[in-house]
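# Survey of secondary and tertiary structure
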Amino acid sequence: MSETVRAAIIGIGNMGTNHANNLIKGEVPGMELVCVCDTDPARLEWAKEKLGEGVATYQSSDEMFAAADTFDALIVAVPHYDHPSLAIRAFQLGKHVLVEKPAGVYTKNVREMNAAAEKAGTVFSMMFQQRTNPVYAKVREMIQGGELGKLNRMVWIVTNWYRAQAYHDSSAWRSTWEGEGGGVLINQAPHNIDLWQWMCGMPTRVRAFADFGKHYNIEVDDDVTAYAEYECGMTATFITCTAESPGTNRLEISGTKGKIVVEGNRIAFWRNEVDEREFNANFKGVFGNPKVERVEVTVEGESTNHMGITRNFTNAILGNEELIAPGPDGINELMLSNAIHLSAWTDGWVNLPIDEDLYYNTLQEKIKGSTFKKTVSGAGVADVSGTH
């Protein structure tokens, strides 16, 4: 491998355009943009005008993969259903792959993508850019370092993903079961769901309630409340919505040694002088609790977001860094998302790992029963315009 990674981008809609502009501006040292692909002629015209003659353009994935010897790494920024299929084709050609969130729509084909990545032995990363936020990295460090003791509870209210109806109407594939595979859970909240499992691990079962088209003229989820249980006895409550303005983003995690609250991108830590379990075992009074000290946790650095993940991906290819968001991690976030959907659909508890066949078959029923106009190709069709 030379000191320059030749990159291809498939899908130059919102996110793909952002990646292309960053690469052209030289914002990712060690990575050079050599080609882009999109089925929308208007986007290809934009690419030819803005990206220069040195960047080849392709109107189909077949054309792009036929020229696979011209690039080393692929950035996948197309609608969700096609993430796994395009990544698998790239892995089969020995390419490194960076996939926009989510990993896919259902875990069955994401599992196939992970297997293809393992067989290829190339670098595979997910675009979970929230992991570059030093606040959440610090929370994870505190949990793993035992500063909270045994975890008791996580409550995350994240309703600051506001979207107007015009957003849902902006593309035919958006906010439909066939085109997008879901709503807030599959589009906005994957970042938070990934951070949830990245910080606290995976629960054993989920009970969820969701509204579909409650606030908008859409058929997918726009308001969700989920409750999860862990083998250790910890519980988690996750609330998300795209229709609240102003919204809230408040995370609280409590343990036997104290609790942390993340809000306004700051961490407040209420530290118990003694572990609550120890206090409970030894306290002889009637009323009382451990003495508590409030600490404002110092966090160094700033979020590097999408560019941070892309730079990390590039450096991992060049052998200089470990991945921040390894690709196989994507199935954990999607497993939680699928479990929440499945629980809402079946009105019952869902154990993890989920019944993948049941999820897939229920999703197909949702697609088949859709009353929304179907103007996009469905799952498994790679050449969908990358309006991500």
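Note: the structure precedes this text.
Ordered in space as β3-β2-β1-β4-β5-β6, the 6 strands form an open sheet in which the pairing is parallel. Of all the strands in the sheet, the pair left with one neighbour each is β3 (56-58) and β6 (124-127). Strand-to-strand twist of the sheet, defined as the mean angle between neighbouring strand axes without regard to direction, takes the value 25 degrees. Examined bridge by bridge, strand β2 (residues 31-37) and β3 share 3 bridges and lie parallel to one another. Residue pairing across strands places C35 opposite A56, the latter belonging to β3.

Take helix α4 (residues 83-92) next. A turn of α-helix holds 3.6 residues, and therefore any two residues three or four places apart point the same way. Counting buried positions along α4 gives 7 out of 10 residues, so the element sits mostly inside the fold. For α4, the complete set of buried residues consists of H83, P84, L86, A87, I88, A90 and F91. Residues of α4 that are buried sit in contact with β1 (5-10), α3 (61-66), β4 (73-76), β5 (96-100), α5 (107-120) and β6. G94, located one to two residues past α4, shows a positive phi value of around 75 degrees.

Below, the discussion takes up the environment of E296. Residue position: E296 is located in strand β14 (residues 292-297). Measuring from C-alpha to C-alpha, the distance between E296 and G348 comes to 40 Å, with 52 residues separating the pair along the chain. Residue contacts for E296: discarding those within four places in its chain leaves R266, I267 and A268. Polar contacts involving the side chain of E296 include one to the side chain of R266, which spans 3.4 Å. Polar side-chain contacts of E296 include one of 2.9 Å to the side chain of R294.

Rules used throughout
- Every chain is numbered independently, its residues counted from 1 as its sequence is written.
- Side-chain atom pairs in this predicted model are given and counted only at pLDDT of 80 or more, local residue features only at pLDDT of at least 70, and totals for whole chains, interfaces and linings cover all residues.
- Here the side-chain values reflect all heavy atoms present in the structure, with hydrogen atoms and water set aside.
- Two strands are said to pair when DSSP picks up at least two bridges between them.
- Starting at the N terminus, helices and strands are each numbered in turn, a helix being any DSSP run of H or I of at least four residues and a strand any DSSP run of E of at least two.
- To define axes, lines are fitted to C-alpha atoms, for helices over the stretch in contact only, and angles between the resulting N-to-C directions are given on a 0 to 180 degree scale.
- Burial classes: relative accessible area under 20% of the type maximum marks a residue as buried, over 50% as exposed, and values in between as partly exposed (1.4 Å probe, protein chains only).
- In what follows, residue pairs with any heavy atoms lying within 4.5 Å of each other are defined as contacts.
- Nitrogen and oxygen atoms within 3.5 Å of one another constitute a polar contact, given that in protein one can donate a hydrogen and the other can accept it, and given that sequence-neighbouring residues count only through two side-chain atoms.

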